[in-house]
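A closer look at the structure
One-letter residues, chain by chain:
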Amino acid sequence: MKDNKQKVQIEVSDGAAIPTKKDFGLFTAWHITLIAALSILLYLVIRYPDPYLDILEFVSDGIVVTFEITFVSIFFSLILGLLTGLGRLSKNKCINLIASIYVEVIRGIPLLVQLFYIYYALGSFFKVPPFVAAVTAMSICYGAYMGEVFRAGIESIDKGQTEAARSLGFNTKQTMFYVIIPQAMRTILPPVGNEFIALLKDTSLVSILAVGDLLRRGREFATESFAYFETYTMVALIYLLITLLLSKLVSITEEKMRPYDN
Amino acid sequence: MRKFLLMTLFILLTAQIAAARTIVFAVDATWPPMEFIDANKHIVGYSIDYMKAAGKEAGFTPVFKNTAWDGIFAGLAGGEYDAICSSVSITEKRKKAMDFSIPYFKVRQALVVPISSNVKSLEDLKGKKVGAQIGTTGYFAIKKVKGIIPKSYDEIGLAMQDLINGRLAGVVCDDPVAANYALREKNFASKLKIAAIIEAGDEYYGIAVKKGNKEILDLINKGIKAVKEKGIEAKLKKKWFGQ
């Protein structure tokens, strides 16, 4: 009976659509896009190594940087998100207010502006390297979004679960970490996966901070060679391939976590 | 009667516009004192005055369109504007992609460092981070020196800001721009200095036009020639560089 409650899905709002087996149309769309993107990329690189292979070589270290920023930011934003989510649900008024203000402030400022602010404006006080500034900005920004996801996920768990755990002698902390959060994870994971992919795409904004990510390397190549069409075609294809593979990864994890749903 | 007057006025006006050919120039107005946005949000600078004077001499009306630097050459190829008036140095590589007017300004690359630094040349900065604007001859100059970590910025002002914030050991850009930041700009001049002029041969600014656009190129060349010959150039130099 209680199981119905747990099928609540948080509305997917951003990021690439995650393919699941139930959704047949999207499943094939994913395959077609992947095969098309991959074959175009390979065709261009093999058929016209000049300039496409040169571009690929030039931006390769940028791909690594993009991944580094994504994974480090995801790690910190998950921690920050969990804390914020719990804070937003806290009965302690002070903690609740702090978490809520954080979410309000961050969600009200565009990420690009946050990046400028942390790097160039605060840069006169805190001399952090570009990479650290980029990761800080991305984590703080996505921490707020993740916080909302965590809050919604935790709230979706029926109150009876808490009551049952409490009557079994669990304290509040134990109830949260042993009973509520493990169940909430199944609801939380799809939107977190989406945020993950959205974050990867948003790392292209850090190219403004002189961080040599995929987009900046592409721009550097394009401004020197004037091969704008070729360079941005490659950059777009690479981003597309990465997000396609990541969304598959997310959907596999998701299916693993819902073994009885299908 | 009034209608008639208005009509003649209208005809006269349109005739005026038709007579003066309009040329749209793309400008990345982040390069003081050559081209930048003043307090009234107008595009001003040495190059801008120069092109206005050239227009007066050769009979065209320049219109300036603010454009981000790293797409400026793509926009020219795509026909979004007729020419680029944005301190574009004439290089062999660029000549293959576009046509250039006769040179209108001689420029060298300057290395800007914090005022306390004792760096004397670009070679002293091996193993350190040096910044420049993306896709400029300054950036290409840094990349040529082995061992330096090049950092590209969207605008030169952002690179200068990072130099002041201590994340860069130096910035390379065209000497008039370097002088502007290191000597005149009030927030920067007390913290920066020009350490060296990089010996990479002289460069010249030219107006870039789409390959094969001879009509526009001839007009612009005619204007530049007149500005040089009539001594207007000297006056403009005095106005913008005080020399």
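Residues numbered from 1 in each chain as written. Chains lettered and ligands numbered in written order. Predicted model: local features only at pLDDT ≥ 70, side-chain atom pairs only at ≥ 80, totals over all residues. Heavy atoms only, no water.

1. Considering the overall build of chain A
Operational definition: Helix and strand assignments follow DSSP, with helices taken as H or I runs no shorter than four residues and strands as E runs no shorter than two, numbered in order from the N terminus. Per-residue accessibility, obtained with a 1.4 Å probe over protein chains only, is compared with the maximum for each type, and a residue is labelled buried under 20%, exposed over 50%, and partly exposed between these values. In what follows, a contact means two residues having at least one pair of non-hydrogen atoms within 4.5 Å. The Shrake-Rupley method, run with a 1.4 Å probe, gives the accessible areas here. Residue values count only the displayed protein chains as cover.
What chain A contains, in helices and strands, is ten helices and zero strands. What you see in chain A, going N to C, is helices and strands ordered as α-α-α-α-α-α-α-α-α-α. Burial analysis of chain A (262 residues in total) assigns 46% to the buried set. Contacts spanning at least 24 positions in sequence make up 77% of the contacts within chain A whose residues lie at least 6 apart. Total accessible area computed for chain A in this model is approximately 13,400 Å², and 68% of it derives from carbon and sulfur atoms.

2. Some thoughts on the packing of helix α6 (residues 130-155) of chain A against helix α8 (residues 172-202) of chain A
In a pair of packed helices, the angle between the axes and the distance between the axes together describe the arrangement. Residue and element names in this part refer to chain A. Which entries qualify depends on this criterion: In this description, a line fitted to the C-alpha atoms serves as the axis of each element, helices being fitted only across the stretch in contact, and the angle between N-to-C directions of two axes falls anywhere from 0 to 180 degrees. Here the word oblique covers every angle except those under 35 degrees (roughly parallel), over 145 (roughly antiparallel) and from 65 to 115 (roughly perpendicular). By convention the crossing between two helices is left-handed if the near helix lies anticlockwise of the far one by an angle smaller than a right angle, and right-handed if it lies clockwise.
Here α6 crosses α8 at 140°, and the two axes come no closer than 8 Å. Relative to α8, α6 is oriented oblique. Crossing of α6 against α8: the hand is right-handed. From α6, Met 138, Tyr 142, Tyr 145, Met 146, Val 149, Phe 150, Gly 153 and Ile 154 reach across to α8, where they touch Met 176, Ile 180, Ile 181, Ala 184, Ile 188, Pro 191, Val 192, Glu 195, Ala 198, Leu 199 and Asp 202.

3. Examining a nonpolar patch on the surface
Residue and element names in this part refer to chain A. Our working definition: Residues enter a patch when their relative accessible area is above 30% and they make no salt bridge; the linking distance is 9 Å between like charges and 5 Å between nonpolar side chains (Val, Leu, Ile, Met, Phe, Trp, Tyr). Within this document, salt bridges are pairs made up of a side-chain nitrogen of Lys or Arg and a carboxyl oxygen of Asp or Glu, the two lying within 4 Å of each other.
Together, Leu 97, Ile 101, Val 105, Ile 109 and Val 113 make up a nonpolar patch on the protein surface, roughly 420 Å² of accessible area in all. Among the elements that line the nonpolar patch, the one with the most residues is helix α4 (residues 93-107), at three residues. Relative to the elements of secondary structure, Leu 97 occurs in helix α4. With relative accessibility at 53%, the residue Leu 97 sits in the exposed group.

4. Description of the packing of aromatic side chains
We apply this condition: Side-chain rings of Phe, Tyr and Trp, where Trp is taken by its six-membered ring, are said to pair if the distance between their centres is within 6.5 Å; with planes under 30 degrees apart they count as stacked, over 60 as edge-to-face, and otherwise as tilted. Geometrically, a lysine NZ or arginine CZ counts as sitting over a ring once it is within 6 Å of the ring centre and also within 35 degrees of the ring normal.
Taken as a whole and assessed by the stated rule, the structure comprises 23 aromatic pairs over all chains. Ring centres of B:Phe25 and B:Phe60 lie 6.2 Å apart, and the angle between their planes is 40°; this geometry places the pair in the tilted category. Highlighted residues: B:Phe25 in strand β1 (residues 21-27) and B:Phe60 in strand β5 (residues 60-66), separated in sequence by 35 residues. Judged by its relative accessible area of 0%, B:Phe25 falls in the buried class. Residue classification places B:Phe60 among the buried positions, given a relative accessible area of 4%. Taken together, B:Tyr46, B:Tyr50, B:Tyr104, B:Phe105, B:Tyr205 and B:Phe241 form an aromatic cluster joined through their ring pairs. When the ring centre of A:Trp30 is taken as reference, the NZ or CZ atom of A:Lys248 above it lies at 4.9 Å. One residue, B:Arg167, lies across the ring of A:Tyr119, its end atom 3.7 Å from the ring centre.

5. Notes on empty space enclosed by the protein
All names here are of chain B. Cut-off, in case you're wondering: Definitions used for this entry: grid spacing 1 Å over protein atoms alone; cavity, a set of points where a 1.4 Å probe fits but cannot get out; pocket, an open set with protein on both sides within 12 Å along at least 5 of 7 lines; lining residue, one with an atom within 4 Å of a point. Grid points are joined across faces, edges and corners, and a volume is the space filled by probe spheres set on the points. Residue polarity follows a fixed list, in which Ala, Val, Leu, Ile, Met, Phe, Trp, Tyr, Cys and Pro are nonpolar, Asp, Glu, Lys and Arg are charged, and the others, Gly among them, are polar. Bear in mind that the domain bounds are from an automatic or database domain assignment.
Tallying each qualifying case throughout the model produces one cavity of 30 Å³ or more. Of the volumes computed, that of the largest cavity is approximately 90 Å³. Taken together, Asp 28, Trp 31, Glu 35, Trp 69, Ser 86, Ser 87, Ser 89, Arg 94, Gln 133, Thr 136, Thr 137 and Asp 174 form the lining of the largest cavity. In terms of residue count, strand β6 (residues 83-89) provides more of the lining of the largest cavity than any other element does, three residues in total. By residue class, the composition of the lining of the largest cavity is two nonpolar, six polar and four charged. Shared between two domains, the lining of the largest cavity holds at least three residues of each, these being domain 1 (2-106 + 204-241) and domain 2 (107-202).

6. Concerning the pairing of strand β10 (residues 149-153) of chain B
All names here are of chain B. Condition: By definition, two strands form a pair when at least two bridges between them are found by DSSP. The path from the first strand over the helix to the second decides the hand: if it runs clockwise while the strands point away from the viewer, the crossover is right-handed.
In terms of strand pairing, strand β9 (residues 129-133) meets β10 through five bridges, oriented parallel. If you follow Lys 129 over to β10, its bridge partner there is Ile 149. Between β9 and its parallel partner β10, the chain crosses via helix α5 (residues 137-144), and the hand of that crossover is right-handed.

7. Some thoughts on the pattern of salt bridges
Residue and element names in this part refer to chain B. Taken as a whole and assessed by the stated rule, the structure comprises 17 salt bridges over all chains. One salt bridge connects Lys 211 with Asp 99, and the closest N-O pair in it is separated by 3.1 Å. Residue Lys 211 is found in the loop between β12 (192-209) and α8 (214-229), and its partner Asp 99 is found in strand β7 (residues 99-100); the two are separated by 112 residues along the sequence. Owing to a relative accessible area of 47%, Lys 211 belongs among the partly exposed residues under this scheme. Salt-bridge contacts for Asp 218 lead to Lys 214; the nearest nitrogen and oxygen are separated by 3.0 Å. Placement of the pair is Asp 218 and Lys 214 together in helix α8, with a separation of four residues, close to one helical turn. A relative accessible area of 56% places Lys 214 in the exposed class.

8. Some details on the nonpolar core
Heads up, the rule is: By convention a nonpolar core is built from buried Ala, Val, Leu, Ile, Met, Phe, Trp, Tyr and Cys residues, the set being connected through side-chain atoms within 4.5 Å.
If you look at the biggest cluster of nonpolar residues, it comprises 114 residues, and the most contacted ones within it are B:Phe25, B:Met51 and B:Ile220. For this core, the leading source of residues is α6(A), giving twelve residues. Formed jointly, this core draws a minimum of three residues from each of two domains, domain 1 (2-106 + 204-241) and domain 2 (107-202) of chain B. Once residues lying within four places of it in the same chain are set aside, the contact partners of B:Ile220 are B:Ile23, B:Phe25, B:Met51, B:Phe60, B:Ala83, B:Ser101, B:Ile207 and B:Val209.

9. Brief notes about helix α5 (residues 111-121) of chain A
Turning to α5(A), its buried residues are A:Leu111, A:Gln114, A:Leu115, A:Ile118, A:Tyr119 and A:Tyr120. Along its buried surface, α5(A) packs onto α4, α6 and α8 of chain A together with β10 and α6 (156-164) of chain B.

10. Topic: the side chain of B:Thr137
Considering the arrangement of structural elements, one finds B:Thr137 in helix α5. Excluding residues that lie within four positions of it along the chain, B:Thr137 makes contacts with B:Ser89, B:Thr91, B:Arg94, B:Gln109, B:Asp174 and B:Glu203.

11. Quick word on the sheet that holds strand β2 (residues 30-31) of chain B
Residue and element names in this part refer to chain B. A sheet is described by the order of its strands in space; here three strands give the open sequence β2-β3-β4, paired in antiparallel fashion. Taken across any chain shown, the strands that pair with only one partner, and hence form the sheet edges, are β2 and β4 (43-44). One ladder, built from two bridges, connects strand β3 (residues 35-37) with β4; its direction is antiparallel. Bridged to Ile 37 within β4 is Ile 43.

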